[in-house]
Amino acid sequence: MEWGQAVAVDAVAEALKNNPDIAGVFVQGSETSTTVAHPIQQISELTKKTDALLVVDGITAVGVYPMPMDDWGIDIMITGSQKALMLPPGLAFIALSEKAWKRSETNDIPHFYFDLKKERKNLKDSTSAYTPAASLIIGLRVVLKMMLEEGLDNVYKRHDILARAARAGVQALGLKLLAPDSPANSVTGLFVPESVDGGKLVKNLRENYGVTFAGGQDHLKGKIIRIAHLGYFDSFDMVVALAAIEMGLLKFGYDVQMGAGVAAVEKIVNERY
Ligand SMILES: *Cc1c(COP(=O)(O)O)cnc(C)c1O
């Protein structure tokens with residue numbers, strides 16, 4: 001599977017069929033490094049019919065997409081405080097289906113601190129097994145209230161619009177998306193022109209323009225940049241992002257049509273008002 005492509009549902013079906021003893025299927029709801037959204041609901045249709053647990057890394061999916069774990073049949077959903085939940089790092093969240101709780105009954109993997117059964121028991125008494133990062137939990141209360149005030153549907157819609165705007169802006173500049181077929185709504189990846197060093201571009205935009213992008217990893221290093229749009233992001237962040245890309249590329253000697261990316265963003269984010 002090439003980076004930038006979603007996992008093929010058929011390949012998962014094939015693997016499950018050929019290996020009936022598979023204990024679990026692990027997948028990212030949104031794969032941040034390759035800016036891909038994986039077909040979680042379709043995969044859950046497969047795992048539902050087997051003994052395998054579907055474990056979803058939802059760190060850039062929870063708070064970005066609706067991902068109703070009970071309705072879809074996701075067995076374990078995991079997220080952290082530091083992405084769409086807009087908090088500093090330090091909290092991890094995990095939710096289990098009945099199928100997953102049942103599996104935990106027979107789990108004999110050595111563990112002490114990371115004991116979900118112990119946590120579950122304590123939850124019933126409104127406490128936790130060990131001292132949690134209490135300040136972050138107080139922060140979490142504020143963040144969740146903010147999200148509920150915006151309305152979860154509006155939170156999802158905002159991410160969808162910002163993501164579509166970022167993609168349209170990139171394409172309006174004639175640049176290629178990293179994940180054109182199944183792009184994530186949390187982050188947009190784009191290939192920089194071959195004549196431009198993506199690493200130097202990201203550094204320049206951060207240091208001289210005050211706009212931060214992420215670069216690529218491993219073999220994509222220097223070749224792509226990633227525009228974040230999850231959590232504390234709004235329309236004008238996308239306007240600024242595309243303006244910075246246009247100005248940065250021009251500085252690096254690549255002739256883009258100035259304003260084309262910004263115009264495409266403006267047209268889409270205007271849906272919000
Ligand atoms: C950020 C992230 C994580 C967690 O990585 P940290 O380095 O601990 O922040 C895990 N999975 C995905 C998909 C992520 O985006």
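So, here's what we can say about the structure.

**Section: the overall build of the chain**
- Secondary structure summary: the chain contains ten helices and eight strands in total.
- Relative to the 2.2 N^0.38 estimate, which gives 19 Å for 273 residues, the radius of gyration of the chain is 21 Å and therefore close to what a compact globule would have.
- The principal-axis extent of the C-alpha atoms belonging to the chain is close to 60 × 45 × 35 Å.
- Of all intrachain contacts in the chain linking residues separated by at least 6 positions in sequence, the fraction that spans at least 24 positions is 61%.
- If you sum the accessible surface of the chain, you get close to 15,000 Å²; carbon and sulfur atoms cover 55% of it.
- On the chain, the mean spot of the 28 positive side-chain charges and the mean spot of the 32 negative ones are 3 Å from each other.

**Description of the packing of helix α8 (residues 198–209) against helix α9 (residues 235–251)**
- Running from N to C, α8 and α9 cross one another at 110 degrees; their axes reach a closest spacing of 10 Å. Judged on the interaxial angle alone, α9 and α8 are roughly perpendicular. The handedness of the crossing between α8 and α9 comes out as right-handed. Across the interface between the two elements, Leu201, Leu205 and Tyr209 from α8 touch Ala244, Met247, Gly248, Leu249 and Lys251 from α9.
- Residues belonging to the contact of α8 with α9 are distributed by class as follows: six nonpolar, one polar and one charged.

**A short note on the site of the ligand**
- Taken together, Ser30, Thr32, Asp57, Ile59, Thr60, Gln82 and Lys83 are the residues near the ligand.
- Protein chains bury 55% of the 380 Å² of accessible surface belonging to the ligand in isolation.

**Some remarks on the pairing of strand β8 (residues 224–228)**
- Along β8, four of the five residues are buried, which leaves the element largely enclosed by surrounding structure.
- Here five bridges tie strand β7 (residues 187–191) to β8, and the two strands are oriented antiparallel to one another. When the sheet's bridge partners are listed, Val187 is paired in β8 with Ala228.

**Let's talk about the sheet that holds strand β1 (residues 24–28)**
- The four strands lie next to each other as β1-β4-β5-β6, forming an open sheet whose pairing is mixed. Each edge of the open sheet is held by one strand with a lone partner, namely β1 and β6 (92–96). With strand direction ignored, the average angle separating the axes of adjacent strands in the sheet is 15 degrees.
- Direction of pairing for strand β5 (residues 76–80) relative to β6: antiparallel, over a ladder of five bridges. Looking at β6, one finds that Gly80 is bridged to Ala92.

**What about the environment of Pro20?**
- Relative to the assigned elements, Pro20 resides in the loop between α1 (9–18) and β1.
- For Pro20, a relative accessible area of 70% gives the class exposed.
- Along the backbone, Pro20 and Lys124 are 104 residues apart, and their C-alpha atoms lie at a distance of 35 Å.

What counts, and at which threshold
- Residues numbered from 1 in each chain as written.
- Predicted model: local features only at pLDDT ≥ 70, side-chain atom pairs only at ≥ 80, totals over all residues.
- Heavy atoms only, no water.
- Helix = DSSP H or I, 4+ residues; strand = E, 2+ residues; numbered from the N terminus.
- Rg over C-alpha atoms; globule rule 2.2 N^0.38 Å.
- Contact = heavy atoms within 4.5 Å.
- Areas by Shrake-Rupley, 256 points an atom, 1.4 Å probe, with all protein chains shown as cover.
- Lys, Arg positive; Asp, Glu negative; His and termini not counted.
- Charge placed at Lys NZ, Arg CZ, Asp CG, Glu CD.
- Axes fitted to C-alpha atoms, helices over the stretch in contact; angles between N-to-C directions.
- Parallel < 35°, antiparallel > 145°, perpendicular 65-115°, else oblique.
- Left-handed = near helix turned anticlockwise from the far one by under 90°.
- Nonpolar A, V, L, I, M, F, W, Y, C, P; charged D, E, K, R; others polar.
- Near = heavy atom within 4 Å.
- Buried < 20%, exposed > 50% of the residue type's maximum accessible area, 1.4 Å probe, protein only.
- Pairing = 2+ DSSP bridges.

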